[in-house]
Amino acid sequence: MTARSKTALSLSLALAFALAGAAPLAAQAQPADAMPSPDATVEAEQGLEADDGGLTGSVSADGAWQDLGIAITTFATDADVPTSTNAGSTAALGRALSTVIAADLKNNGLFKPSGPVGLPQPSFGEVQAPNYPIWTYRSADMLVQGYVHANPGGDLTVGCYLYDVALKQQLAKAGWQVGPADWRRAAHKCADMVYSRLSGESPFFDSRIAYIAETGPKSHRMKRLAVMDSDGANMRYLTSGQATALTPRYSPDYSKILYLSYLNGEPSIYVYDLRTDTQKLLVRSRNSTFAPRWSPDGKWVLYSMAIAGNTDIYKIPASGGEPQKLTDSPGIDIGGSFSPDGRKIVFESDRSGTQQIYVMNADGSQQQRITFFGGRSATPEWSPRGDQIAFTHIAGDLRIAVMTPNGRNMRYLTNSWQDEAPTWSPNGRIVQFFRTEKNSGVASIWQVDLTGRNERKLPTPVGASDPAWGPIRP
Amino acid sequence: MPSSLSISRHTRTGATMLLVAGALAVSACKTSAPQELPPEPGPATTTTTAPTQPLGPVAGSQADFVAKMMGADTIYFDTDKYDIDSMDQQALAKQAQWLMQYPNKRATIEGHADERGTREYNLALGERRANAAKNYLVSLGVDASRLGTISYGKERPVALGSNEQAWAQNRRAVTVTID
């Protein structure tokens with residue numbers, strides 16, 4: 001547990017202008033000179049809330065952009081000097097950056113990028129002046145180039161450029177100054193820039209995932225709280241495993257994680273503070289508390305509490321205060337996920353006899369069942385776009401499905417023996433969940449896009465469950 | 001990991017409790033002697049053990065409870081159910097008898113679910129099952145303040161396969177007395 005990785009981010013966004021189709025910048029100077037100082041504003045901050053403009057439940061059908069041939073080249077450097085990153089010198093770092101970018105764009109099935117291996121390596125001077133004939137000859141539609149520059153203090157400046165080869169035009173560019181430990185963030189930011197510019201969607205790669213790391217045999221499985229980047233890198237354990245940890249949730253600002261711990265043999269929700277690596281009980285109670293959830297603004301926490309076997313959902317200010325009981329049915333009312341505007345909550349209840357999904361106002365009023373398509377429906381999660389609810393559908397097997405907030409257009413995204421607990425990518429385009437193997441009970445985290453066709457397993461060093469995808473990093 | 005803020009809900013009296021329970025066990029034995037005799041020692045295959053040591057579990061201990069229950073420390077449930085059927089009633093009656101015999105003993109009832117449900121719901125389901133067992137014990141006269149409950153959901157299976165037989169064994173509530 002290094003102090004480095006948990007303290008404030010040393011990444012700052014510079015040059016946030018993603019210019020679309022405008023005339024290429026006249027700047028032919030050295031890229032490093034084109035980078036403004038790192039104190040520029042961070043525009044990514046409002047990404048999620050800002051973008052809700054009449055999007056429907058439709059998926060990104062196979063359009064032209066998925067089939068684009070994107071060449072991702074090794075990032076150049078003005079001077080090959082040592083860095084204190086784990087990737088090596090600036091030249092090695094340039095190769096590592098483009099490898100991470102290519103993996104981001106390829107692994108979710110979004111694009112079929114080529115490179116950096118097997119592609120010509122642009123010189124530093126070519127980064128802002130692509131050798132278009134080479135790429136035309138190679139039938140590349142799009143070209144990603146970039147550079148790494150080592151700053152005197154140890155920080156790195158990374159520039160990222162996207163070119164349309166046919167139009168011979170720069171489509172977007174951005175640069176970031178990052179600390180050595182954060183170099184992968186620059187790669188994710190670059191992948192986000194390319195993805196957003198070509199798809200028209202909001203970014204999502206520069207985000208983190210909290211989850212439960214599982215080791216040991218099925219009879220005595222150790223379950224530890226862990227965090228990692230959206231691609232599985234930079235994994236870190238937060239708990240020792242002495243007490244079973246379950247169901248984490250990142251706060252919207254990444255400063256805290258709510259999770260369930262069996263510390264002292266009493267299942268209770270704890271608030272883990274990532275800045276201080278300390279934790280405290282969310283509520284003091286003689287009763288078990290579980291299924292914690294944040295409101296989108298981070299001001300409220302939902303939790304479920306069992307009293308004499310009857311579980312209900314409560315709401316409490318994140319800063320502490322009086323809990324408010326939201327449900328009052330004789331049965332299990334559990335979980336809950338706020339709509340992006342914070343006005344409604346979708347939750348799970350078996351008041352009808354089986355697990356079904358209900359929607360209520362954020363004050364608990366107007367509770368209405370929305371699932372009527374047979375089987376059991378559980379673990380609803382409202383998309384950050386607001387247009388879809390992902391959930392677990394149980395009819396023999398457990399499968400991940402989506403539906404509209406009024407319970408219509410139910411659609412399976414997966415078909416396996418046991419998939420459960422969906423969580424959304426920050427842009428609402430990818431659903432992450434965990435899959436359990438029959439017999440062995442080994443769990444792993446998977447991602448699937450809204451078409452259900454592009455499914456992939458996230459690389460984790462050990463078994464993994466209960467993924468909770470945080471928003472785009474501030 | 002900092003854990004100073006968490007408070008223990010169960011008072012642990014440890015060794016003191018054990019002594020009291022042991023004393024009570026002796027007096028209780030007098031009233032129902034035939035059934036409470038320690039089990040016969042097995043065939044004498046070794047001669048090295050000290051003869052003064054009593055054989056078998058200490059009366060009134062968790063080991064004694066497990067030995068006496070002969071499986072009745074656990075009751076089983078149907079899929080997604082938590083009702084107490086006649087077999088469960090017999091098991092719980094046996095548990096209650098032991099608990100009445102050692103009135104200073106406390107117990108925790110652990111509720112479990114099979115793996116074929118979602119994790120959080122199964123935690124709530126385990127709570128329900130543990131409480132169903134607890135309520136029945138209370139109805140038989142066991143003081144509610146002696147009984148705690150905890151749910152492990154589907155996190156602690158005893159049968160490790162992924163088949164009906166294993167799932168049936170995992171849908172359970174286990175009474176564990178506190179030594």
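For clarity, every value in this text was computed on a predicted model and none was experimentally measured.

**Overview of the sheet that holds strand 15 (residues 300–307) of chain A**
Okay, step 1: Strands sit in the order 14-15-16-17 (chain A) across an open sheet of four strands; the sheet is antiparallel. Each of the sheet's edge strands pairs with one partner strand only, and the pair in question is strand 14 (288–294) and strand 17 (324–325) of chain A.
Okay, step 2: Sheet topology note: the strand 14 of chain A/strand 15 of chain A ladder contains five bridges and is antiparallel. Paired with serine 288 of chain A across the bridge in strand 15 of chain A is alanine 306 of chain A.
Okay, step 3: Sheet contacts for helix 5 (residues 119–139) of chain B: strand 14, strand 15 and strand 16 (310–317) of chain A; angle to strand 14 of chain A, the most-contacted strand, approximately 155°.

**Observations regarding the packing of helix 4 (residues 86–101) of chain B against helix 5 of chain B**
All names here are of chain B.
Okay, step 1: The interhelical angle for the contact between helix 4 and helix 5, taken along N-to-C directions, is 60°, at an axis separation of 9 Å. One way to sum up the angle between helix 4 and helix 5 is to call them oblique. The crossing of helix 4 and helix 5 is right-handed. Between helix 4 and helix 5, the residues in contact are Gln89, Leu92, Gln95, Ala96 and Leu99 and Ala133, Tyr136 and Leu137, respectively.
Okay, step 2: Of the residues in the contact of helix 4 with helix 5, the class split is six nonpolar, two polar and no charged.

**Concerning the UniProt feature "domain: TolB N-terminal" (unreviewed entry) in chain A**
Okay, step 1: Per the UniProt annotation, the sites labelled "domain: TolB N-terminal" (unreviewed entry) are residues 82–171 of chain A.
Okay, step 2: Structurally, residues 82–171 of chain A comprises 27% helix and 23% strand, and the distance from its first C-alpha atom to its last is 31 Å.

**A word on the pairing of strand 11 (residues 256–261) of chain A**
All names here are of chain A.
Okay, step 1: Most of strand 11 is tucked away, with six of its six residues classed as buried.
Okay, step 2: Burial along strand 11 is two-sided: the face carrying Lys256, Leu258 and Leu260 and the face carrying Ile257, Tyr259 and Ser261 are both buried.
Okay, step 3: Across four bridges, strand 10 (residues 245–250) lies against strand 11 in antiparallel orientation. Note on strand 11: the bridge partner recorded for alanine 245 is serine 261.
Okay, step 4: Connecting the antiparallel pair strand 10 and strand 11 is a turn made up of five residues, with tyrosine 254 showing a positive phi of about 65°.
Okay, step 5: Of the strand pairs in this sheet, strand 11 and strand 12 (residues 268–273) are connected by six bridges, and their pairing is antiparallel. Across the sheet, residue serine 261 finds its bridge partner in strand 12, namely serine 268.
Okay, step 6: Hairpin connection, strand 11 to strand 12: the antiparallel pair is bridged by six residues, and asparagine 264 has positive phi, about 60°.

**Focus: the nonpolar core**
Okay, step 1: Leu97 and Ile101 of chain A are the most contacted members of the largest nonpolar core, which totals 124 residues.
Okay, step 2: Composition of this core by domain shows at least three residues from each of domain 1 (3–199) and domain 2 (207–472) of chain A.
Okay, step 3: Apart from residues lying up to four places away in sequence, isoleucine 101 of chain A is in contact with Ile72, Val144, Ala187, Cys190 and Ala191 of chain A.
Okay, step 4: Counting 20 residues, the second largest nonpolar core, distinct from the first, contains Phe77, Tyr102, Leu137 and Val142 of chain B.

**As for the environment of leucine 458 of chain A**
Residue and element names in this part refer to chain A.
Okay, step 1: Within the element layout of this structure, leucine 458 appears in the loop between strand 29 (455–457) and strand 30 (463–472).
Okay, step 2: Residue leucine 458 is classed as partly exposed on the basis of its C-beta count, with 19 C-beta atoms lying within 10 Å.
Okay, step 3: The spatial distance from the C-alpha of leucine 458 to the C-alpha of glycine 353 is 36 Å, given a sequence separation of 105 residues.
Okay, step 4: When sequence neighbours within four positions are dropped, the list of residues in contact with leucine 458 reads Gly232, Ile445, Trp446 and Gln447.

Rules used throughout
All residue numbers refer to positions counted from 1 along the written sequence of the respective chain. For this description, chains carry letters from A and ligands carry numbers from 1, given in the order in which they are written. Local features in this predicted model are restricted to residues whose pLDDT is 70 or higher, and side-chain atom pairs enter the listing and the counts only when it is 80 or higher, whereas totals over whole chains, interfaces and linings include all residues. At least two bridges found by DSSP between two strands is the condition for calling them paired. A helix here means a DSSP run of H or I that spans at least four residues, while a strand means a run of E at least two residues long, and both kinds are numbered starting from the N terminus. Distance between backbone-placed C-beta atoms decides contact: two residues are in contact if it is within 7 Å. Angles run from 0 to 180 degrees between N-to-C directions of axes, and those axes are lines fitted to C-alpha atoms, restricted for helices to the stretch in contact. An angle below 35 degrees is read as roughly parallel, one above 145 as roughly antiparallel, one from 65 to 115 as roughly perpendicular, and any other as oblique. Each crossing is labelled by how the near helix is turned from the far one, with a counterclockwise turn of less than a right angle marking it left-handed and a clockwise turn marking it right-handed. Nonpolar residues are Ala, Val, Leu, Ile, Met, Phe, Trp, Tyr, Cys and Pro. Charged residues are Asp, Glu, Lys and Arg, and all others, Gly as well, are polar. UniProt positions are given in the numbering used here, feature names are shortened, and annotations may be inferred rather than shown by experiment. With C-beta atoms placed from the backbone, the exposure class of a residue follows from how many other C-beta atoms lie within 10 Å of its own: 20 or more, buried; 12 or fewer, exposed; in between, partly exposed. Nonpolar core, as used here: buried Ala, Val, Leu, Ile, Met, Phe, Trp, Tyr and Cys residues forming one set through C-beta atoms within 7 Å. The domain boundaries here were taken from an automatic or database domain assignment.

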